[in-house]
Amino acid sequence: MAATLTRERFVGPEWVFERKLDGIRLLAFKHGADVQLLSRNRLPQNAAYPSFVSAIAKLPAKNLILDGEATGVWNARDPLGYHVFDVLWRDDRDLTSQPLDVRREELLKLELKAPLQVVPRLDAPEPWELARRQGWEGVIAKRADSLYEHRRSPHWLKMKVEASQELVVGGFTEPQGKRVGLGALLVGYFDAADFVFAGKLGTGFDSKLLVTLRQRLDALEVATTPFTRAEGLPKKGVHWARPEVVVQVAFMEWTSHGKLRHPRLLGLREDKSAREVTRDAG
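Residues numbered from 1 in each chain as written. Predicted model: local features only at pLDDT ≥ 70, side-chain atom pairs only at ≥ 80, totals over all residues. Heavy atoms only, no water.

**A closer look at helix α3 (residues 127-134)**
Here is step 1: Within α3, burial applies to Pro-127, Trp-128, Leu-130 and Ala-131. The buried residues of α3 occupy an angular sector of 155 degrees when the element is viewed end-on, so they sit on one face.
Here is step 2: The inward-facing, buried residues of α3 abut β2 (15-20), β9 (138-143) and β10 (152-160).
Here is step 3: Note on α3: the residue one or two positions beyond its end, Gly-135, has a positive phi of about 75 degrees. (Buried < 20%, exposed > 50% of the residue type's maximum accessible area, 1.4 Å probe, protein only. Helix = DSSP H or I, 4+ residues; strand = E, 2+ residues; numbered from the N terminus. Arc of directions from axis to C-beta. Contact = heavy atoms within 4.5 Å.)

**A word on the packing of aromatic side chains**
Here is step 1: For the structure on display, the rule yields 11 aromatic pairs.
Here is step 2: On the numbers, 4.8 Å between centres and 25 degrees between planes, the contact of Phe-190 with Phe-195 is stacked. The pair formed by Phe-190 and Phe-195 is uniform in burial state, with each residue classed as buried.
Here is step 3: Aromatic side chains Phe-251 and Trp-254 sit 5.4 Å apart centroid to centroid with 70 degrees between the ring planes, which places their arrangement in the edge-to-face category.
Here is step 4: The class of Trp-254 is buried, set by a relative accessible area of 17%.
Here is step 5: Sitting over the ring of Trp-15, Arg-143 keeps its end group 5.8 Å from the ring centre.
Here is step 6: Taking the ring centre of Phe-190 as reference, the NZ or CZ of Arg-275 above it sits at 4.1 Å. (Phe/Tyr/Trp six-rings, centres within 6.5 Å; stacked < 30°, edge-to-face > 60°. Lys NZ or Arg CZ within 6 Å of the ring centre and 35° of its normal.)

**Thoughts on the pattern of salt bridges**
Here is step 1: Taken as a whole and judged by the stated rule, the model has 22 salt bridges.
Here is step 2: Among the salt bridges present, the one from Arg-103 reaches Asp-86, with a minimum N-O distance of 2.7 Å. Placement of Arg-103 in helix α2 (residues 100-109) and of Asp-86 in strand β6 (residues 81-90) is noted, with a sequence separation of 17 residues between them.
Here is step 3: On the basis of relative accessibility, which here comes to 0%, the residue Arg-103 falls in the buried class.
Here is step 4: A relative accessible area of 1% means that Asp-86 is categorised as buried.
Here is step 5: Here Glu-166 makes a salt bridge to Lys-272, at a shortest N to O gap of 3.3 Å. Taken together, the residues Glu-166 in strand β11 (residues 163-173) and Lys-272 in the segment after β19 (264-269) connect sequence positions 106 residues apart.
Here is step 6: For Glu-166, a relative accessible area of 12% corresponds to the buried category.
Here is step 7: Salt bridges here are not isolated pairs; linked through shared partners, they connect Arg-90, Arg-93, Glu-106 and Lys-109. (Salt bridge = Lys/Arg side-chain N within 4 Å of Asp/Glu carboxyl O.)

Written as structure tokens, this is what we have:
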């Protein structure tokens, strides 16, 4: 079940609110002692989150399907954790046809312990303003009576205070002054057969990541630009790379020229292939 973007701001007794986390959507399937973690596009994630696998295996249910958000691997700003916000199946019960409040009662019965935790509900008169003050990406509004739908639903709404999406690295510039590794990443997205330049990304790095990225991109270096639609590419001190490295980027908005305004790096994405990355309509 995916949330639909809304620009409306509202509260009401039929709606509950949760923090919108900057992580990887993760489904957990438990059958006996066997646990399988899958990303939203069905890529296996057990190797990335072994502590989650171990913790879920110990939960008091023979069969279980959990839905939540994983933090702490590609986005090091947040501690490692599996933030669970829904349970779809427990033992012999399919819970998807039950209202959200009923599913949450079942989730709370599991008494999750670190690195697992239930996503708390927000008690604020204007949850989106709380998100802004805390520096979150936004909040999710959910109808308390919503059933679990396998689609993007109007019963779950995302209210963003900062845009975020995946982009692909197509090159980088040389570092200046005391900066190490690289100066800025040149990022873009795919639009049918075209690889479209979306701008330069120069903030959100630490020195270790700068060096690590430089080594990784050096191994992907190519002689000519991989961008097939590009305006404003830098002309000096540029290295081109095969578009294979996917990064998560936060930014304020798209400019009228199709570039990112005030982008910053959130982290690397190992759960998504480069060719899947298109411009998010939201």
